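What follows is each chain in one-letter form.
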Amino acid sequence: MSASQQAGMLTYDLRSRGTSSLYEFLYQSIREDIARGRIPCGTKLPSKRNLAQHLDIGVATVTAAYDQLITEGFVRTEQRRGYFVEDVSEFRCKSVNTQVKSSNCEDGKGVGAECGAQDAAAGGVFAAHGAQDTRFDDASAGRSSRHRETARSSADTASDAFAAETPHAIERARDPEYFVDLKANRTSVSLFPATVWGRYMREALSLPSDNLLRSIPFNGLPELRRAIASYLRRTRGMDVSPDCIIIGAGSEYLYGRLLQMLGPTTTFAMENPGYRKFAAISKAFGNPWRPVPIDESGLLVDELEESGADVVHVSPANHFPTGIVMPIKRRLELFEWANRARKRYIIEDDYDSEFRYSGRLIMPLFADDASDKVIYLNAFSKTMVPSLRISYMVLPPKLLARYVDTMSFYSCTVSSFEQYALARFIDEGHLERHINRTRNFYRRQRVAVLREIAQSPLAEISHVEERNAGTHFLLYVRTSLTHDQVRQRGAEQGLNISLFNDYLLRDGDGLSERTTKRFEKYSNGETALVLNYAGIEPDRLSETVRRLACVFPECE
């Protein structure tokens, strides 16, 4: 795709767009020309109407393309002046290389060998590390027999000692029941095609026993890794070898494997505010970690440099809880940071990115990474159902070789039957259809929630900040209540409420003062609620908003 700039006009052959929509092809064409320098920094783009007339397409098509370029930071708009190209001179288009470099392993086979032949026989490095020895000799059996009664007696004693405490410990860990949980990042399970999923699970159970009953390769079933690689290529613009994909039971598990592989001296950085869970996992593994403030463009790279971190965890497509999309200039700064030192890496958490309600999905960092510095992390628990604990990460080739050498003795933690069913679910197109159906549901749900708030007493004391993505938004409320009072009064109304401040991270030096001050200045002293609307049942929507208004005395 190339542009011909005559009298400030852009020309593209729209007949070569293949199956892409007109706006997507136009967006991709302009984006590539900007990235490759064919449209220089500062160039004023044609007006929407002029470009539409020149290409003989609708103004709405050009508007959609320009809006996506603005969202990703390739273009800026100046009031009454038009659209201008941002400075992305440091941007490098990724040269695709799907062949993973070989790494010497115990059997002498390379990691990058063709996964079909290698995995079909469960041989090579995958089988060597995936198999487990469950044999024991007669002497061991005899010793077990002689000690069985002693062990049983000890167990009974221990059971009696802890019998009184156990129920209380379990009760403390159990989540309380609420009328509506506005905090949990839940999905509407009623949308899940359980009948289709059940059919593939039955199909998995009916296969010849030696197919799915034998040991699984440490990095996951080949069928699922191939299905995920194809899905990422179709939907996220990522050209990935199935060999580079690691399957695990939840993002927390995979994150723990990364921490263990990179070692306890590796310092991790987290977006602040951000998910507390990953900070807690880092602390549990003994890794030092640092909270790094954000601004309206996402993580502050100069603050990241000052933190001394080696690895940073970011969500560039949809930061939680702000919903900020990291623009291209900030992404370039992040790549520059990673390239300054050999041991630096970026963990890209793409969780929740599928739920975007205007424009196309935001391109992952991984798709633009030209230096193999990005570790891509995603999960199926939000796009499908929370109980499906299947996540995956995509490793750069050098890290893959290191993972094989140091982590492949761990068995895959997801059953072969679920992996096979998910592979079939993806290959047959059910995942993309389900995501589209769910996205449309959440779009309607979001509109309904915002309409209910606008028609309630909350409208007089609050305003909403939302970015057409994810399944939550920020509700800023002018109230005299303290944060603890908001939570308590919410619980009295049967609502589990989370606040923006709940996601401000603390490290050993205490709360990041700069993040706190920046937010207080931005919020003008208002209390920001993080409202997750995905789990609200439609028949409880009006009552939920009524109860939420009752939390604040200013609404009475």
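Starting from 1, residues in each chain are numbered consecutively following that chain's sequence as written. Where local features are concerned, this predicted model is filtered to residues with pLDDT of at least 70; where side-chain atom pairs are given and counted, the filter is 80 or more; whole-chain, interface and lining totals use all residues. Excluding hydrogens and water, the side-chain figures rest on all heavy atoms present in the structure.

**What to know about the overall build of the protein**
Inference 1: Think of it this way: any DSSP run of H or I at least four residues long counts as a helix, any run of E at least two long counts as a strand, and we number them from the N terminus. What the protein contains, in helices and strands, is 21 helices and 18 strands.
Inference 2: Throughout this description, buried means an accessible area under 20% of the type-specific maximum (1.4 Å probe, protein chains only), exposed means over 50%, and partly exposed covers the range between. Within the span of the protein, comprising 556 residues, buried residues form 52% of the whole.
Inference 3: When checking whether two residues touch, look at their non-hydrogen atoms; a contact exists if any pair is within 4.5 Å. Taking contacts inside the protein between residues at least 6 apart in sequence as the whole, the part at least 24 apart equals 73%.
Inference 4: Using a 1.4 Å probe, accessible areas were evaluated by the Shrake-Rupley method; residue-level cover was limited to the displayed protein chains. Accessible area for the protein stands at about 26,000 Å²; split by element, carbon and sulfur atoms hold 48% of it.

**A short note on the packing of helix α10 (residues 222–236) against helix α18 (residues 430–454)**
Inference 1: Fitted lines through C-alpha atoms serve as axes, helices being fitted only where they are in contact, and the angles separating the N-to-C directions of these axes extend from 0 to 180 degrees. Between α10 and α18, the shortest axis-to-axis distance is 11 Å and the interhelical angle comes to 45°. Here α10 is positioned oblique relative to α18, judged by the angle of their axes. Taking contact as the criterion, the partners of Tyr231, Arg234 and Thr235 in α10 are, on α18, Leu431, Glu432 and Ile435. An angle counts as roughly parallel when it lies under 35 degrees, as roughly antiparallel when it exceeds 145, as roughly perpendicular when it falls between 65 and 115, and as oblique in every other case.

**Observations regarding the pattern of salt bridges**
Inference 1: When a carboxyl oxygen of Asp or Glu is within 4 Å of a side-chain nitrogen of Lys or Arg, the pair counts as a salt bridge. Applying the stated criterion across every chain yields a total of 28 salt bridges.
Inference 2: Measuring nitrogen to oxygen at the nearest pair gives 3.0 Å for the salt bridge that ties Glu78 to Arg76.
Inference 3: Judged by relative accessible area, Glu78 falls into the partly exposed class, the value being 21%.
Inference 4: Residue classification places Arg76 among the partly exposed positions, given a relative accessible area of 29%.
Inference 5: A salt bridge links Glu86 to Arg76; the shortest N-O distance between them is 3.7 Å. You can see Glu86 sitting in the loop between β2 (82–85) and α4 (115–120) and its partner Arg76 sitting in strand β1 (residues 75–78), a full 10 residues away along the chain.
Inference 6: Judged by its relative accessible area of 18%, Glu86 falls in the buried class.
Inference 7: Each member of the salt-bridge network shares a partner with another, and the members are Glu32, Asp33, Arg36 and Arg38.

**What about the packing of aromatic side chains?**
In this description, a pair of aromatic rings is defined by centroid distance and the angle of the planes.
Inference 1: Within 6.5 Å between ring centres, the rings of Phe, Tyr and Trp (the latter by its six-membered ring) count as paired, and their orientation is classed by plane angle as stacked under 30 degrees, edge-to-face over 60, tilted in between. According to the stated counting rule, one finds 17 aromatic pairs in the structure shown.
Inference 2: When the ring of Phe218 is compared with that of Tyr403, the centres are 6.2 Å apart and the planes differ by 20°; the resulting orientation is stacked. One end of the pair, Phe218, is in the loop between α9 (209–212) and α10; the other, Tyr403, is in helix α16 (residues 397–407), and 185 residues separate them in sequence.
Inference 3: Under the relative-accessibility criterion, Phe218 is labelled buried at 3%.

**Concerning the confidence of the model for the protein**
Do not read the fine detail of predicted coordinates wherever pLDDT is low.
Inference 1: The pLDDT value tells you how sure the predictor is about a given residue, anywhere from 0 up to 100. Residues of the protein with pLDDT of at least 70 account for 79%, and the chain-wide mean is 80.
Inference 2: Contacts from residues 1–7, a stretch scored under 50 in pLDDT, to residues over four places away or in other chains number 22 contacts.
Inference 3: pLDDT under 50 marks residues 95–155. Its contacts with residues more than four places away, or in other chains, come to 67 contacts.

**A word on the pairing of strand β5 (residues 268–272)**
Inference 1: Taken across its five residues, β5 has five buried, putting it largely inside the fold.
Inference 2: Neither face of β5 is open: one carries Phe268, Met270 and Asn272, the other Ala269 and Glu271, and all of them are buried.
Inference 3: Any two strands with at least two DSSP-identified bridges between them are counted as paired. Across five bridges, β5 lies against strand β6 (residues 289–295) in parallel orientation. Bridging across to β6, Glu271 finds its partner in Val292.
Inference 4: Note on handedness: a clockwise path from strand one over the helix to strand two, with the strands aimed away from the viewer, defines a right-handed crossover. Of the crossover connections in this fold, the one passing from β5 over helix α12 (residues 276–284) to the parallel β6 is right-handed.

**A look at the nonpolar core**
Inference 1: The term nonpolar core refers to a set of buried residues drawn from Ala, Val, Leu, Ile, Met, Phe, Trp, Tyr and Cys, joined through side-chain atoms within 4.5 Å. Formed by 111 residues in total, the largest nonpolar core has its most connected members in Leu334, Ile346, Phe380 and Val394.
Inference 2: Counting residues per element, this core draws most heavily on helix α11 (residues 251–262), at seven residues.
Inference 3: Not counting the four nearest positions on each side in its chain, Ile346 is found in contact with Val312, Val314, Leu334, Phe335, Trp337, Ala338, Leu365, Lys373, Val374 and Ile375.
Inference 4: Leu481, Ile497, Leu529 and Val545 belong to the second-largest nonpolar core, a separate cluster that totals 32 residues.

**Focus on the sheet that holds strand β13 (residues 472–477)**
Inference 1: The strand order across the open sheet built from four strands is β12-β13-β18-β15, with neighbouring strands paired in antiparallel fashion. The sheet terminates laterally at β12 (462–465) and β15 (498–499), the two strands that pair on one side only.
Inference 2: The pairing of β15 with strand β18 (residues 527–532) spans two bridges and is antiparallel. By the bridge assignment for β18, Ser498 is matched with Val530.

**Some details on the packing of helix α1 (residues 22–35) against helix α3 (residues 59–71)**
Inference 1: Here α1 crosses α3 at 45°, and the two axes come no closer than 8 Å. Judged by the angle between their axes, α1 and α3 are oblique. Considering the relative orientation of α1 and α3, their crossing is right-handed. Mapping the contact onto sequence places Leu22, Tyr23, Leu26, Tyr27, Ile30 and Arg31 in α1 and Thr61, Val62, Ala64, Ala65, Tyr66, Gln68 and Leu69 in α3.
Inference 2: Partitioning the contact of α1 with α3 into residue classes produces 10 nonpolar, two polar and one charged. By definition, any crossing whose near helix is turned counterclockwise from its far helix by less than a right angle is left-handed, and any crossing with a clockwise turn is right-handed. Only Asp, Glu, Lys and Arg are considered charged in this grouping, and only Ala, Val, Leu, Ile, Met, Phe, Trp, Tyr, Cys and Pro are considered nonpolar; every other residue, Gly among them, is considered polar.

**A look at the sheet that holds strand β8 (residues 311–314)**
Inference 1: With mixed pairing, eight strands are arranged side by side in an open sheet as β4-β11-β10-β9-β8-β5-β6-β7. Single-partner strands in this sheet number two, and they are β4 (245–248) and β7 (298–299).
Inference 2: Where β4 meets strand β11 (residues 391–394), four bridges bridge the pair, whose relative direction is antiparallel. Counted as the bridge partner of Gly248 is Ser391 from β11.

**Digging into unusual backbone geometry**
Glycine aside, a negative phi is what most residues show, and trans is what most peptide bonds show.
Inference 1: At the junction of Asn272 and Pro273, the peptide bond is cis and its omega measures out at 10° in the coordinates.
Inference 2: Relative to the assigned elements, Pro273 resides in the loop between β5 and α12.
Inference 3: Within the chain, Arg80 stands out as a residue other than glycine whose phi angle is a positive 65°.
Inference 4: Among the structural elements, Arg80 can be located in the loop between β1 and β2.

**Overview of the pairing of β12**
Inference 1: Inspection of the sheet shows β12 paired to β13 by four bridges, in the antiparallel sense. Looking across to β13, one finds that Val464 is bridged to Leu475.
Inference 2: Adjacent in sequence and paired antiparallel, β12 and β13 are bridged by six residues, among which Asn468 carries a positive phi angle near 55°.

**A short note on the environment of Leu377**
Inference 1: Here Leu377 shows up in strand β10 (residues 374–379).
Inference 2: Between the alpha carbons of Leu377 and Ser251 there is a distance of 7.3 Å; along the sequence they are 126 residues apart.
Inference 3: Here Leu377 is in contact with Ser251, Leu254, Ile347, Glu348, Asp349, Asp350, Tyr351, Tyr392 and Met393, once residues within four sequence places are set aside.

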